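For reference, the chains in residue letters:
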Amino acid sequence: QAHHSARITHHVTQPPPTHKGSFITPIALPPSHPLPLSTRRPLADSMSTPTTAAAAALALLAPILAQRIRQSLRRAIEDLPSVLPRPPSGAKPKKSGATPRHTAGSNLHLPVINMSRWADSEGDWEARSELVEAVRRACEETGFLAITEVPERLRKAIRKAENSSKRYFELIKCKRELAEGNRFPSDADAAGLPKAYGYFPMRSEALGYKADVERKPDLREAFSMGPTMASKRFETQLAKPFGSYPYGDDFNTDVVRFLFQPTPWKIQGDSKEETKILQDFKEGLTSFYHESSQLGATFLRIIALALDLPENHFEKAASQGEHCNSARAILYPELTREASKGQFRCGPHSDTGAVTLLWSDSPGLELQPKCAGGGSSGEGDSNQWCPVENLLLTDRKRHMFGDPGTLIVNIGNLLEYISKGKWKSTPHRVPAPPCADQRLNQDRLVLVNFIILAPDFQVDAKGLTQGEHAFSQFIRKGRNRKEA
């Protein structure tokens, strides 16, 4: 497939035109101002020579021009992403030439990208190239970023999913038997495959490079849903029975059957009130799934350009019926007893798909920066972890976490492979806070959509596919416990 560069070089022979949504505002010279009467005669007298006339004009314009430059620089700096964490109190400045490193425990400021600028700048390739370049820098430097001003339909879907998920988990807490209908699909269970979708109780999962679900399960519960339809080209494989675990006689069939297995919804309760809660939860999470999947497909167009690929490179593989996106509602409940040593709310891991879109009502996420050796191949320096700062978004006058118009985005292993390691699928985790920490030890709700491309989408030159990689991560030893 032919590759082409999407980078656009700014010509310096003339200043770029002002455009809506630009990160950089061109500096305009101030209009001519009439001189006060008291200064006209001396200025006229001073213009007896060209040198003195120029000096007088420059002295008059200099303060005005300096003010304009300061204003333009301030606006430009506000729009540029800040990827370095705040230095710890008392930290000494680094010597010139030293490589900046993230300090363990210091808060990380994610780059912030305004997604409305992509829609507003349609046809303006100069404006879009600036946004693409900002995304490229974020993917190279942190692998994580925040996107603001998401579409209004998605904001409404987030609020609906948030409210219905809280009611669902509250109901499950009181009546665990209602969750049994959201457990294992019979066909996957009979084949010995781990479940991909449905309800995951507390202590039933353990993510991480050294996951141990038996001794150190993650302290969370979740509900996952998968694709709502599959393309006709998968019909033959979906009609076949599962092979023997883990790979069977036809590995590709097992991969397709696993990723497209139906979501087991429980929508009938023991009362009208319970039934409404269950049905509202299904509607809310499904709405979030579809709206965030559309945003994911749009974001992949930007990603393609940032990788110097055609804008539609991921379009088919990310379309409905092809993709294997998986949305989750996750509850990290308040802890009533201290976690074991090395136990997490969510263990250190990187994501298997293309990108991940995440909304959370409160902080708690930690990242392992690229300079600490983070990447999909391993955990790197285990001491280098930085909490994500709950930024105050000046354009929305709200903090990042809890704002329905803001999502955290991170690239997955697929993009690390496609970029040949230039981009890193950054490891991340949710540590278990001390019970006495009133700020962090509280119920924390997360809505997330893992954008997973078509199962046969090729990831690297060796022939690895998206489906094979995702499937291998689901079935790795120590991740799931069916008896929980």
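None of these values were measured; they are calculated from a predicted model. (Residues numbered from 1 in each chain as written. Predicted model: local features only at pLDDT ≥ 70, side-chain atom pairs only at ≥ 80, totals over all residues. Heavy atoms only, no water.)

**Some details on the overall build of the protein**
Here is step 1: In terms of helices and strands, the protein carries eleven helices and 14 strands.
Here is step 2: Put simply, the protein has 484 residues, and 49% of those count as buried.
Here is step 3: Restricting to contacts in the protein with at least 6 residues of sequence separation, those with at least 24 account for 76%.
Here is step 4: Just so you have it, the protein exposes about 23900 Å², and 54% of that area is on carbon and sulfur atoms. (Helix = DSSP H or I, 4+ residues; strand = E, 2+ residues; numbered from the N terminus. Buried < 20%, exposed > 50% of the residue type's maximum accessible area, 1.4 Å probe, protein only. Contact = heavy atoms within 4.5 Å. Areas by Shrake-Rupley, 256 points an atom, 1.4 Å probe, with all protein chains shown as cover.)

**Quick notes on unusual backbone geometry**
Here is step 1: Not every positive phi belongs to a glycine, and D308 is a case in point at roughly 65 degrees.
Here is step 2: Position of D308 among the secondary structure elements: in the loop between α9 (272-306) and β5 (326-332).
Here is step 3: Judged by its relative accessible area of 23%, D308 is partly exposed.
Here is step 4: Here K420, not a glycine, exhibits a phi torsion of approximately 60 degrees, which is positive.
Here is step 5: Mapped onto the elements, K420 comes out in the loop between α10 (413-418) and β13 (428-431).
Here is step 6: Its relative accessible area of 79% is what places K420 among the exposed residues.

**Thoughts on the packing of aromatic side chains**
Here is step 1: For the structure on display, the rule yields nine aromatic pairs.
Here is step 2: Taking the centre distance of 5.5 Å and the plane angle of 70 degrees together, the rings of Y168 and F169 count as edge-to-face. The exposure classification of Y168 matches that of F169, with both residues buried.
Here is step 3: Linked through ring pairs, Y168, F169, F223, W265 and F281 together constitute an aromatic cluster.
Here is step 4: In this structure, R128 packs its charged tip against the face of W118, placed 3.8 Å from the ring centre.
Here is step 5: Cation over ring: R128 sits above W125, and NZ or CZ is 5.9 Å from the ring centre. (Phe/Tyr/Trp six-rings, centres within 6.5 Å; stacked < 30°, edge-to-face > 60°. Lys NZ or Arg CZ within 6 Å of the ring centre and 35° of its normal.)

**Observations regarding the sheet that holds strand β6 (residues 344-349)**
Here is step 1: Across the sheet, which stays open at both edges, the four strands sit in the order β6-β13-β8-β9 with antiparallel pairing between neighbours. The open sheet has two edge strands, β6 and β9 (386-387), and neither has a second partner.
Here is step 2: With two bridges connecting them, strand β8 (residues 366-367) and β9 associate as antiparallel partners. Note that in β9 the partner of E366 across the bridge is P387. (Pairing = 2+ DSSP bridges.)

**Let's talk about α9**
It helps to recall that an α-helix has 3.6 residues per turn; residues three or four apart then point in one direction.
Here is step 1: For α9, built from 35 residues, the straight-helix expectation of 51 Å at 1.5 Å per residue is met to within 8% by its first-to-last C-alpha distance of 50 Å.
Here is step 2: Just past α9, the residue D308 takes up positive phi, approximately 65 degrees. (Expected span 1.5 Å × (residues − 1).)

**Describing the packing of helix α5 (residues 152-174) against α9**
Here is step 1: Two numbers describe how α5 lies on α9: the axes approach to 8 Å, and their chain directions differ by 145 degrees. Taken as a pair, α5 and α9 cross one another with a handedness that is left-handed.
Here is step 2: The class makeup of the residues in the contact of α5 with α9 is twelve nonpolar, five polar and seven charged. (Axes fitted to C-alpha atoms, helices over the stretch in contact; angles between N-to-C directions. Left-handed = near helix turned anticlockwise from the far one by under 90°. Nonpolar A, V, L, I, M, F, W, Y, C, P; charged D, E, K, R; others polar.)

**As for the environment of A206**
Here is step 1: Locating A206 in the fold gives a position in the loop between β3 (198-200) and β4 (221-225).
Here is step 2: With 137 residues separating them along the chain, A206 and Q343 place their C-alpha atoms 9.1 Å apart.

**Examining the confidence of the model for the protein**
Here is step 1: Averaged over all residues, the pLDDT of the protein equals 77, while 68% of them reach at least 70.
Here is step 2: Every residue in residues 1-48 scores below 50 in pLDDT, and together they form 61 contacts with partners more than four places removed in sequence or on other chains. (pLDDT = per-residue confidence, 0-100.)

**Observations regarding the pairing of β6**
Here is step 1: Where burial is concerned, most of β6 is hidden: six out of the six residues are buried.
Here is step 2: As paired elements, β6 and β13 share three bridges and run antiparallel to each other. Within β13, the position partnered with F344 by the bridge is P431.

**Here we look at the side chain of Q466**
Here is step 1: Locating Q466 in the fold gives a position in helix α11 (residues 466-474).
Here is step 2: For Q466, the residues in contact, after removing those within four places along its chain, are T352, G353, A354, L414, I452, L453, A454, P455, F457 and V459.

**Things to note about helix α4 (residues 125-141)**
Here is step 1: For α4, built from 17 residues, the straight-helix expectation of 24 Å at 1.5 Å per residue is met to within 8% by its first-to-last C-alpha distance of 24 Å.
Here is step 2: Of all 17 residues in α4, twelve are buried; the element is thus mostly enclosed.
Here is step 3: Listed as buried for α4 are E126, A127, R128, S129, E130, L131, V132, A134, V135, R136, A138 and C139.
Here is step 4: Tucked into the core, α4 has its buried residues touching β1 (112-114), α3 (116-120), β2 (144-148), α9 and β12 (407-411).
Here is step 5: In the stretch just after α4, G143 is the one whose phi turns positive, near 75 degrees.

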